[in-house]
Amino acid sequence: MNTSCKGNAEVSRCVVNFLHQNSRAEEFGCGHSTKSFLPLSNICKKEARDRSSRRDSVVYSMSSGHMKNHVKAVAGDKGEGLTYKVSGVDIDAGSELVRRIAKMAPGIGGFGGLFPLGDSYLVAGTDGVGTKLKLAFETGIHETIGIDLVAMSVNDIVTSGAKPLFFLDYFATSRLDVDLAEKVIKGIVDGCQQSACALLGGETAEMPDFYAEGEYDLSGFAVGIVKKESVIDGKNIVVGDVLIGLPSSGVHSNGFSLVRRVLERSGLSLKDNLPGSSILLGEALMAPTVIYVKQVLDIISKGGVKGIAHITGGGFTDNIPRVFPQGLGAAIYKDSWVVPPVFKWIQEAGKIEDVEMRRTFNMGIGMVLVVNQEAARRILGAEHGANIAFLIGEVIKGDGVSFK
């Protein structure tokens, strides 16, 4: 559960009573090297190879020239650059609400809420899927929206090192369409299987006149567990640690209020191809959120992981600093991973500034791990099959996130 303002304009809150709220990566090479401290030349080759063989469900290459030509050809696209705020979501207002809530419930700010239980903590998170639901209604793709729902909660609680135990959902609609609801819940079951947790129960609410015909709303929460001595809390992060990025499948479940404005401005429909590719735009935007639980827990089990950030609403700018001790920040290598073409289209069609993109979307990296150099060498050098990882930055003195 993420306390930053998400794409559905809803501010989630959690209490994390124990959490801190209080240029060595160049040695790895891979496009940033002036030294050769670690023998990672093979890793650089592996990264280059992997960048062209990432997940089959999403297109990762396209002609930028084709993209620009398409955007210029859109009739009537004379407006100023779009922003998340203009689209109806004010991240700063959400942050202000969290600040006020923190006065009433000290400890607000982590990705998951922790509750002590013997020698362990229960870790809980709750979320929805925001206005991505609008695209589900328009595309008729309901089978995967439940995966998004589970992902948004379990990906939050795994940032503490917690293994998900169970998930509960809430499905609300004006008139219950049993066939449609079954599709949605099947996605929830799939998401639970991917994260190795139980679908413990849920609530189906039929509320006449409350929702538009054929529409529904979703929310849910997950609970996991982690030993107290194994909690990932960022307290031990130091200058010289590095940032490992795990690729996203696309937009995931944040920023869709802005995406829908871009779609409207572009003149395209969800049944048109994503410019420069053979995939339909609706399919690219509806690609389900990656569930990182098994991959992240496997990496944690081998040691060296000091902090983890789930890149949701607030993007890189707001989420990565949340895991750092005071006085430390992140330098991100802009060209260290492949930005999926769906983001390039969003930026071109919406005339969106770089800073706005980085604060709204995951830009192709859905999870960031802060690790020591030994762990980074192991993660980048391992053969993970479909599980690809990128060296995307380093920990520096200062505050916030910079890009170079």
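To be clear, the structure that these remarks concern was listed above.
Residues numbered from 1 in each chain as written. Predicted model: local features only at pLDDT ≥ 70, side-chain atom pairs only at ≥ 80, totals over all residues. Heavy atoms only, no water.

## Points about the overall build of the protein chain
This is how the line gets drawn: Numbering of helices and strands runs from the N terminus, with a helix taken as a DSSP run of H or I at least four residues long and a strand as a DSSP run of E at least two residues long. Only protein chains enter the area calculation, which uses a 1.4 Å probe; residues under 20% of their type maximum are buried, those over 50% are exposed, and those in between are partly exposed.
Helix and strand counts for the protein chain come out as 13 helices and 11 strands. Relative to its full complement of 404 residues, the protein chain shows a buried share of 55%.

## A look at the sheet that holds strand β5 (residues 216-227)
Applicable threshold: Two strands are counted as paired when DSSP detects at least two bridges linking them. Simply put, an axis is a line fit to the C-alpha atoms, just over the touching stretch for a helix, and the angle between two N-to-C directions goes from 0 to 180 degrees. Here, two residues are considered to be in contact whenever any of their heavy atoms come within 4.5 Å of each other.
One open sheet accounts for 5 strands, arranged β1-β2-β5-β3-β4; its pairing is mixed. Across the chains shown, the open sheet's two edge strands, defined by having one partner strand only, are β1 (113-117) and β4 (198-206). Here the average twist between neighbouring strands, direction ignored, is 15°. Running over the sheet, helix α5 (residues 145-157) touches β2 (120-128), β3 (163-173) and β5 and is turned about 35° from β5.

## A look at the packing of α5 against helix α6 (residues 178-194)
Formally: Each angle is binned into one of four classes, with values under 35 degrees roughly parallel, values over 145 roughly antiparallel, values of 65 to 115 roughly perpendicular, and all other values oblique. Note on convention: near helix rotated counterclockwise from far helix by under a right angle means a left-handed crossing. Clockwise means right-handed. Any residue that is not Ala, Val, Leu, Ile, Met, Phe, Trp, Tyr, Cys, Pro, Asp, Glu, Lys or Arg is counted as polar, Gly included; the first ten are nonpolar and the last four charged.
Where α5 meets α6, the closest approach of the two axes is 6 Å, and the angle between their N-to-C directions is 45°. What the angle tells us is that α5 and α6 run oblique. When the axes of α5 and α6 are compared, the crossing they make is right-handed. Only Val184, Gly187, Ile188, Asp190, Gly191, Cys192 and Gln194 of α6 make contact with α5, whose side of the interface consists of Ile145, Gly146, Ile147, Leu149 and Val150. When its residues are assigned to classes, the contact of α5 with α6 shows 7 nonpolar, 4 polar and 1 charged.

## What about the environment of Ala198?
Within the fold, Ala198 resides in strand β4. Given the relative accessible area of 38%, Ala198 is considered partly exposed. As a C-alpha pair, Ala198 and Phe167 span 31 residues in sequence and 6.2 Å in three-dimensional space. The contacts of Ala198, once residues within four sequence positions are left out, are Leu165, Phe166, Phe167 and Cys192.

## Details of the sheet that holds strand β6 (residues 242-247)
Read from one edge to the other, the open sheet built from 6 strands follows the order β7-β9-β6-β10-β8-β11, with strand pairing classed as mixed. Where the open sheet ends on each side, the last strands, each with one partner, are β7 (305-310) and β11 (401-403). Direction aside, the axes of adjacent strands within the sheet are offset by 30° on average. One ladder, built from 5 bridges, connects strand β8 (residues 328-332) with strand β10 (residues 390-397); its direction is antiparallel. The residue of β10 that forms the bridge with Ala331 is Glu394. With respect to the sheet, helix α9 (residues 293-301) is in contact with β6, β7 and β9 (365-371), its orientation differing from that of β7 by roughly 165°.

## Some details on the nonpolar core
The test is simple: Side-chain atoms within 4.5 Å link the members of a nonpolar core, which is a set of buried Ala, Val, Leu, Ile, Met, Phe, Trp, Tyr and Cys residues.
With 97 residues, the main nonpolar core has Leu243, Ile244, Ile320, Phe324 and Ile346 as its most contacted residues. Top element by residues in this core is α5. It accounts for 7 residues. Each residue touching Ile346, except ones within four places of it in the same chain, is listed here: Val251, Val259, Val262, Lys351, Ile352, Met357 and Phe361.

## Brief notes about the packing of helix α7 (residues 256-266) against helix α11 (residues 341-350)
Contact geometry of α7 with α11 gives a least axis separation of 9 Å together with a crossing angle of 60°. The hand of the α7/α11 crossing is left-handed. Seen from α7, the contacting residues are Val259, Val262, Leu263, Arg265 and Ser266; seen from α11, they are Trp345, Ile346, Ala349 and Gly350. Looking at the contact of α7 with α11 residue by residue, the class counts come to 6 nonpolar, 2 polar and 1 charged.

## A few points about the pattern of salt bridges
Formally: Basic side-chain nitrogens of Lys or Arg form a salt bridge, by our definition, when they fall within 4 Å of a carboxyl oxygen of Asp or Glu.
All told, the structure shown has 9 salt bridges when counted by the stated rule. The salt bridge involving Asp119 is made with Lys227; its shortest N-O contact spans 2.9 Å. You can see Asp119 sitting in the loop between β1 and β2 and its partner Lys227 sitting in strand β5, a full 108 residues away along the chain. Judged by its relative accessible area of 44%, Asp119 falls in the partly exposed class. For Lys186, the salt bridge is made with Asp190, and the minimal N-O distance between the two is 3.3 Å. One end of the pair is Lys186 and the other is Asp190, both in helix α6 and 4 residues apart, which spans about a single turn. Given a relative accessible area of 22%, Asp190 falls into the partly exposed group.

The values are spatial; any link to function lies outside them.
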